[in-house]
Amino acid sequence: VQLQASGGGLVQPGGSLRLSCAASGSISSINGMGWYRQAPGKERELVATETRGGSTNYADSVKGRFTISRDNAKNMLYLQMSSLKPEDTAIYYCNAIIASGSFRLYWGQGTQVTVSS
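Rules behind the numbers
- Residues numbered from 1 in each chain as written.
- Predicted model: local features only at pLDDT ≥ 70, side-chain atom pairs only at ≥ 80, totals over all residues.
- Heavy atoms only, no water.
- Helix = DSSP H or I, 4+ residues; strand = E, 2+ residues; numbered from the N terminus.
- Rg over C-alpha atoms; globule rule 2.2 N^0.38 Å.
- Buried < 20%, exposed > 50% of the residue type's maximum accessible area, 1.4 Å probe, protein only.
- Core = buried A, V, L, I, M, F, W, Y, C linked by side-chain atoms within 4.5 Å.
- Contact = heavy atoms within 4.5 Å.
- Phe/Tyr/Trp six-rings, centres within 6.5 Å; stacked < 30°, edge-to-face > 60°.
- Lys NZ or Arg CZ within 6 Å of the ring centre and 35° of its normal.
- Salt bridge = Lys/Arg side-chain N within 4 Å of Asp/Glu carboxyl O.

Chemist: Looking at this structure, I do not really get the overall build of the protein. What am I missing?
Modeler: The helix and strand inventory of the protein stands at zero helices and eleven strands. Secondary structure elements of the protein, listed N to C terminal, follow the sequence β-β-β-β-β-β-β-β-β-β-β. A globule of 117 residues ought to have a C-alpha radius of gyration of about 13 Å, and the protein, at 14 Å, matches this closely. Taken along its principal axes, the extent of the C-alpha atoms in the protein is 45 × 25 × 25 Å. Looking at the protein residue by residue over its 117 residues, the buried ones come to 40%.

Shown next, in the form of structure tokens:
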């Protein structure tokens, strides 16, 4: 089982980016999925999560600007980021609780988002 995050890049303040996370391998089911980020010199922090049933949770710092979504049929997770700020600069990681025999937590490799003029 693998998670592959993509979509990061360099964007100006106020701009938008869409991150994607693809789960692949021998997958029976995926429960919760989420996005986390880690800025230089800081600990990894939660950005947003979504349950299989569609319930979402956001960090206060991104509420109203970021939207998490998932496509259960395609085993995909997305993060639409708008009104980006320099403080959003970080490596963004996706994770998922995946059943492949038994449930366990998997992490993607991370994708860099840089917000700068």
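Anyway, onward from the coordinates.
Chemist: In this structure, what is going on with the nonpolar core? I would like to understand it.
Modeler: Counting 30 residues, the largest nonpolar core has Leu3, Trp35, Val47, Phe66, Leu79, Met81 and Tyr92 as its most contacted members. For this core, the element with the most residues is strand β9 (residues 90-100), which contributes five residues. Excluding its chain neighbours within four sequence positions, the residues that come into contact with tyrosine 92 are Leu19, Trp35, Tyr36, Arg37, Val47, Phe66, Leu79, Met81, Gly110, Thr111 and Val113.

Chemist: I would appreciate a short explanation of the side chain of arginine 65 in the present structure.
Modeler: Take arginine 65: it is sitting in the loop between β6 (56-58) and β7 (66-71). In contact with arginine 65, other than residues within four places in its own chain, are Gln80, Met81, Ser82, Ser83, Leu84, Lys85 and Asp88.

Chemist: It is not clear to me how the packing of aromatic side chains should be interpreted in this structure. Could you clarify?
Modeler: Scanning all chains against the criterion turns up one aromatic pair. Taking the centre distance of 5.2 Å and the plane angle of 65° together, the rings of tyrosine 36 and tryptophan 107 count as edge-to-face. Taken together, the residues span a long stretch of sequence, with tyrosine 36 in strand β4 (residues 29-38) and tryptophan 107 in strand β10 (residues 102-107) at a distance of 71 residues. A cation sits over an aromatic face here: arginine 18 above tyrosine 78, 4.0 Å from the ring centre. Sitting over the ring of tyrosine 93, arginine 44 keeps its end group 3.8 Å from the ring centre.

Chemist: Can you help me understand the pattern of salt bridges in this one?
Modeler: Opposite charge on two side chains permits them to pair, given that their charged atoms come into close proximity. In total, this model carries four salt bridges according to the counting rule given. Between lysine 63 and aspartate 60 there is a salt bridge, with the nearest N and O atoms lying 3.1 Å from each other. Note on lysine 63: relative accessible area 48%, which makes it partly exposed. Owing to a relative accessible area of 64%, aspartate 60 belongs among the exposed residues under this scheme.

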